[in-house]
Each structure stands twice: as structure tokens, then as C-alpha cells.
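# Fold and contact review
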Amino acid sequence: MSSPLRNPRQLITVLIAGVSGLVVLLDFVGAGPAVRVLATVLVRWAALITAIAVVIGIFSVFRSHLQRIQMRAPEAGYSLVLLGGMMIVIVAGILYPTRTATGLALPATLAAIPIRTVFRLIYEPLAASLLALLTFFALRAMLRAVRSGRAEAIFVVVVALLALILQLPLLAVIPVIGQAVQWLNDYLVAAGARGLLLGSAIGALVAGIRLLIGFDMPYADR
Amino acid sequence: MTLPAIFFIIILVLVVALIWLHYARVQAGRVPERRPLPALEVLRAALARSAETGRPVHLSPGASTIGAGEGQRASTAELLAGLNIIGRAAEQAAAGGASIVVSSADAVAHLALRGVVRQSYRSFGQEQSFDPRQIELWAHGDAMAYTAAVAAIYARTPLEASLLAGAFAQEVLLTAETGAERMVPQVLGSTHPSALSLMAITTPHTLIGEEIYAAEAYLTPTATPQARLLTHDALRTVVVWLMLIAFGYGFFRIAFGWPALAGW
């Protein structure tokens, strides 16, 4: 990695990223009203940049799938469906007029009826179907794990089955079992989850600070 | 300035000092031994094979997004970890002539990935081999849609291997089980406990929790990632010692009549 100190353009990029991140962090811990004002401006700019990135992403997706259709690629049909769905959502969300007290008006928010209807009739059933499939995927994964003979996989499956069985109403009301499960949840499970979270939190802390001080520069062209 | 802000600045200065200290230590050649991460050896081997077979390796920072949406858990840190891993994997791909396909579930991550992968190819003088069409945006802000897209790619494109390391929840099962059924070697990593248990039963190659932050150091010998890993280990040691001291204090305080710590 070349040092930012030797590259003025990189140094400016690092300073902008570092100072911006530091200001927002200081506002998060309550550094005062002046910092809050600056942080609010920066967060609004970030939201704006994110929105622009989404628009760029939309154009990128549109272009790549249009190319597949034009080249009559093997899965051009899926690309056609994707582009059709994209146009339906864009038209319903932005261009489909709705009746208001003063006449027809374009949708003002994503809570408008046309886009909500599209989501209710198309997206929600699809999402629910995929989520429902997860049950069968889980069953198949468990069977595959047991057949594979891997110790950690079998252990996970056995613990999952025990957890399911012990939560059956008939068993959960038995005092010893109920208390034992509660103890396991309060101590063993919580300890494991907290250990995982601690490690991840420290990793996130180090990753964030390295961004602030310019050790990592995913935004720079170096 | 409030007390939490002052405390935060002190911690920030200490962590920055630790990072610089470990960077100097690595530059001086003092890198301790560390335990192996077999999952990353699978990724390295797949990248090497890809150069011969021509089958691409799929790389993904997971369904990570910048910032937290309403009701969502923030996954920016996992995204950064995924970007680092993909950057190093792309370097290996550029050096060895392997083929990669990079996907993401966030528009900002998509743009960051394009920059990171291009930089990786440029660092090995292979910028002419970089094709922006290698980096694809398959969904935005919808983890379920993204995992469905990955599962579809498993079904359509013969892959040498697939790396998904970042923010995942239960929906990863859709992808992982499809990959297991099609015998795609998968390296899966997440910090979410529910995703990890599903990953453990679908693939033998997992990166558990903080291992996704450590992975970059295993993929390259350069000083910066090694320093990150050492800093991570040092901070973890500090936290463990603090917990042990607090436990010991709590254990003896009743016997000796010591006051309770704040927050107890």
C-alpha cells in the first residue's frame, strides 16, 4: 500500500473520509450541538450519495440485462421478466396517477396505493413462498448433514432437534425440563452468543478505525 | 463535551496507537504463529484451479448493506470485511489468471466492489484483464432476493467455488443448500448466530464470526492486514481480561464488602 503522505490526492481523500467519519462518531456519543449540526449535514449528504448510487445501480442492471436480451443469451427470457418487473415497479411507484381530493396526482411516497398494490399482489406472496421453502430446505440440509457424517454438522442437528422437542408444550410444563432449558438459555446460549458478538464487535471496531485513519481505503483509487 | 465523548476519544486514541504499534511490529518482521483457517485454503485452491478449468469463482460480501435500514441490523462492518476478502481474492485471481464473478446486494457495495476489484487487478499490472461486467448487482436491500439470485446462479453457471462472507441471516439456507445439492464448494462466513448454524450443516468450510475480519490476513502476507489481526487479538485479550477482573471482583465483593460496580 502506498503511503497517503506521498500522494496528495490520496491524502485529501483520506482526510475527507477520516474527518467525516470522526464527526459522525463524535455526534453519536454526544459531543455537543456544533458537532451535531455538522454530523446532520454529513449524514444527509451520505443519504443523497446512497440514493445516487441506487440510481447508478438501476442503470447498471438495466444495461446488463438489456445487453443479454439483445444478444439473445440463453437466459434472455429471465432478463426480460426482470426488466418488465422493474418497469412495473417504477411506473407504479413514480408515474401512476392516483386520485386525490384535488384531482389526479403522481404518487408522493412509497405508501401510495399503486405501489402498495404491486407489493401486496406480487412481492409479498413471492417472499412468503421463498420463506416457506426454507422449512423444506432446512429438512433436506439436516438429512444431508447426518448422511455426511461430519461431527459438527451432526452436533448442530442433534441440538436443534433437542431444542425443538424440549419446547413441545407437554415437555415444557415439566418443572425440571423447563428450568433446565431456561438455565441453558440464560447461561450457555447467552454466553456463546455474547462471545460471538464480542469478537464481531471488536472486528467491526478495528475495521472502522482503520477506515478513519486511512489504513483501508475502499473508496480510493490507489 | 460530554463524558461518553471524552471516553470515546480516549478509546479511539488507544486503538489507533495499538494499530500503529502492531503495524511497526509487522514491518519489523515480528509476526506470531496463528492457527490455520482451512476454509480459506479451499478458496485459494479454487482460485488456482479456476485458472486451469476456466470455471469462475463466485465472490460475495454477503447481503451486507451500508448502514442500517428500518428494522435491519447494520452490516457495514461485515461489508468492509467482505470487501477486504474479495480484494485479496481478486489479487490472487489477477496474479494467476483465474476467472471471478463478484455479486452484491447493495448498490453502494456494488460501486465499492468495482473499485476494489479494479485496484486488485491494477496492483498486479493486469488492469487490461479487468472486466466491469464481472461485478454484478443482483438485488438491493433485500437479502432474500439476493440469496435467491445466488441460488439461481448455482443452477445455471458451473462454478469452481463460491465465497459468501458477510451479513447473512436465515435466508442463507436457500443459497447454501442449493450449493450443497449441486456440490459447489462453498466458503461461507457470517457473524449472525442463526446463519452460522445453517452454514455449519451445509458446508464444512465456514468462517465463524470474527474470522471474516481475520480472513484478509490469511490471504495475503502484506503488513496492513497482519497488523489488523494483531490489533484485533490484542483488543480481544483486553476485553477478556476485563471480564475476568470484573467476575473476580463480583465474586469477592460480597465477602469483603466492596461496593458494586456502576451498572450492577
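Predicted model, so just to flag it, every value in this text is computed and none were measured.

### Regarding unusual backbone geometry
- For R72 of chain A, which is not glycine, the phi dihedral falls at a positive 50 degrees.
- The topology assignment puts R72 of chain A in the loop between helix 2 (33-70) and helix 3 (76-95).
- Unusually for a residue other than glycine, M183 of chain B sits at a positive phi of about 55 degrees.
- Tracing the backbone shows M183 of chain B in the loop between helix 6 (172-181) and strand 5 (186-190).

### Quick word on the pattern of salt bridges
- Tallying each qualifying case throughout the model produces 18 salt bridges over all chains.
- Of the charged contacts, one joins R140 of chain A and E177 of chain B as a salt bridge, the two residues approaching to 3.0 Å between their closest N and O atoms. With one member in each of two chains, R140 of chain A in helix 4 (residues 113-148) and E177 of chain B in helix 6 form a pair that bridges those chains.
- Judged by its relative accessible area of 0%, E177 of chain B falls in the buried class.
- Among the ionic pairs, D131 of chain B bridges to R133 of chain B, the shortest N-O distance being 3.3 Å.
- Salt bridges sharing partners connect three or more residues here, namely R140 and R144 of chain A together with E177 and E181 of chain B.

### Looking at the nonpolar core
Residue and element names in this part refer to chain B.
- Counting residues in hydrophobic clusters, the biggest one holds 45 residues, and the most contacted among them are L43, L59, I100, V117 and L207.
- Every element with two or more residues in this core is listed here: helix 2 (38-53), strand 1 (57-62), helix 3 (76-96), strand 2 (100-104), helix 4 (107-123), strand 4 (161-167) and helix 8 (211-219).
- Looking at this core, the element that brings in the most residues is helix 3, giving 11 residues.
- In this view, L59 contacts L43, I86, A89, I100, V101, V102, S103 and L163; residues no more than four positions away in its chain are not counted.
- In this structure, V101, Y146, V172 and V184 belong to the second largest nonpolar core, which totals 21 residues.

### Notes on the environment of T191 of chain B
Residue and element names in this part refer to chain B.
- The residue T191 is located in the loop between strand 5 and helix 7 (193-202) in this model.
- It is 8.0 Å that separates the C-alpha atoms of T191 and I212, two residues lying 21 residues apart in sequence.
- A distance of 2.7 Å separates the side chain of T191 from the side chain of E78, its partner in a polar contact.

### Some thoughts on the sheet that holds strand 3 (residues 135-137) of chain B
Residues and elements named next belong to chain B.
- Judged by pairing direction, the sheet is parallel, and its 6 strands sit side by side in the order 3-2-1-4-5-6 without closing on themselves. The open sheet terminates on both sides in strands that have one partner only, identified here as strand 3 and strand 6 (206-208). Mean inter-strand twist for the sheet, computed between neighbouring axes without regard to direction, equals 15 degrees.
- Bridging between strand 2 and strand 3 involves 3 bridges; their strand directions are parallel. Bridging from a neighbouring strand, S103 pairs with E136 of strand 3.
- Each of strand 1, strand 2 and strand 4 touches helix 3; the most contacted strand, strand 1, lies at about 160 degrees to it.

### A word on the packing of helix 3 of chain B against helix 4 of chain B
All names here are of chain B.
- Contact pair helix 3 / helix 4: the axes reach a minimum separation of 8 Å and the direction vectors enclose 35 degrees. By crossing handedness, the relation of helix 3 to helix 4 is classed as right-handed. Along its contact with helix 3, which presents L79, L83, I86, G87, A90, E91, A93 and A94, the element helix 4 presents A109, A112, L113, V116, V117, S120, Y121 and S123.
- Among the residues making up the contact of helix 3 with helix 4, the classes are represented as 12 nonpolar, 3 polar and 1 charged.

### Topic: a nonpolar patch on the surface
- The grouping of L198 of chain A together with V240, W241, M243, L244 and I245 of chain B at the surface amounts to a nonpolar patch, some 580 Å² of accessible area in total.
- For L244 of chain B, a relative accessible area of 48% corresponds to the partly exposed category.

The rules behind each value
- Numbers given to residues run from 1 along each chain, matching the order in which its sequence is written.
- Each chain takes a letter, starting from A, and each ligand takes a number, starting from 1, following the order in which they are written.
- A pLDDT threshold of at least 70 governs which residues receive local features in this predicted model, and a stricter bar of 80 or more applies before side-chain atom pairs are shown or counted, although totals over entire chains, interfaces and linings include all residues.
- In computing side-chain properties, one takes all heavy atoms of the structure into account and sets aside hydrogens as well as water.
- What counts as a helix is a DSSP run of H or I of at least four residues, what counts as a strand is a run of E of at least two, and both are numbered from the N terminus.
- Whenever Lys or Arg places a side-chain nitrogen within 4 Å of a carboxyl oxygen from Asp or Glu, that contact is recorded as a salt bridge.
- Remark: exposure states derive from per-residue accessible area (1.4 Å probe, protein chains only) relative to the maximum for the residue type, with buried under 20%, exposed over 50%, and partly exposed in between.
- For this analysis, a nonpolar core means a set of buried residues of the types Ala, Val, Leu, Ile, Met, Phe, Trp, Tyr and Cys, connected via side-chain atoms within 4.5 Å.
- Here a residue-residue contact requires only that any non-hydrogen atoms of the pair lie within 4.5 Å.
- Think of a polar contact as two N or O atoms within 3.5 Å of one another; within protein, one of them needs to be a possible hydrogen donor and the other a possible acceptor, and neighboring residues in sequence only count if both atoms come from side chains.
- Paired strands, in this sense, are two strands between which DSSP finds at least two bridges.
- Orientation is described by axes fitted as lines to C-alpha atoms, over the contacting stretch for helices, and by angles from 0 to 180 degrees between their N-to-C directions.
- A crossing counts as left-handed when the near helix is turned anticlockwise from the far one by less than a right angle, and as right-handed when that turn is clockwise.
- Note that Gly is not counted as nonpolar here; it falls among the polar residues with everything else outside the nonpolar set of Ala, Val, Leu, Ile, Met, Phe, Trp, Tyr, Cys and Pro and the charged set of Asp, Glu, Lys and Arg.
- Each patch groups residues whose relative accessible area exceeds 30% and which form no salt bridge, using 9 Å between like charges and 5 Å between nonpolar side chains of Val, Leu, Ile, Met, Phe, Trp and Tyr.
- Residue exposure ignores everything except the shown protein chains as possible cover, and the areas themselves are Shrake-Rupley values with a 1.4 Å probe.

Everything listed is a geometric property; what it means functionally is a separate question.
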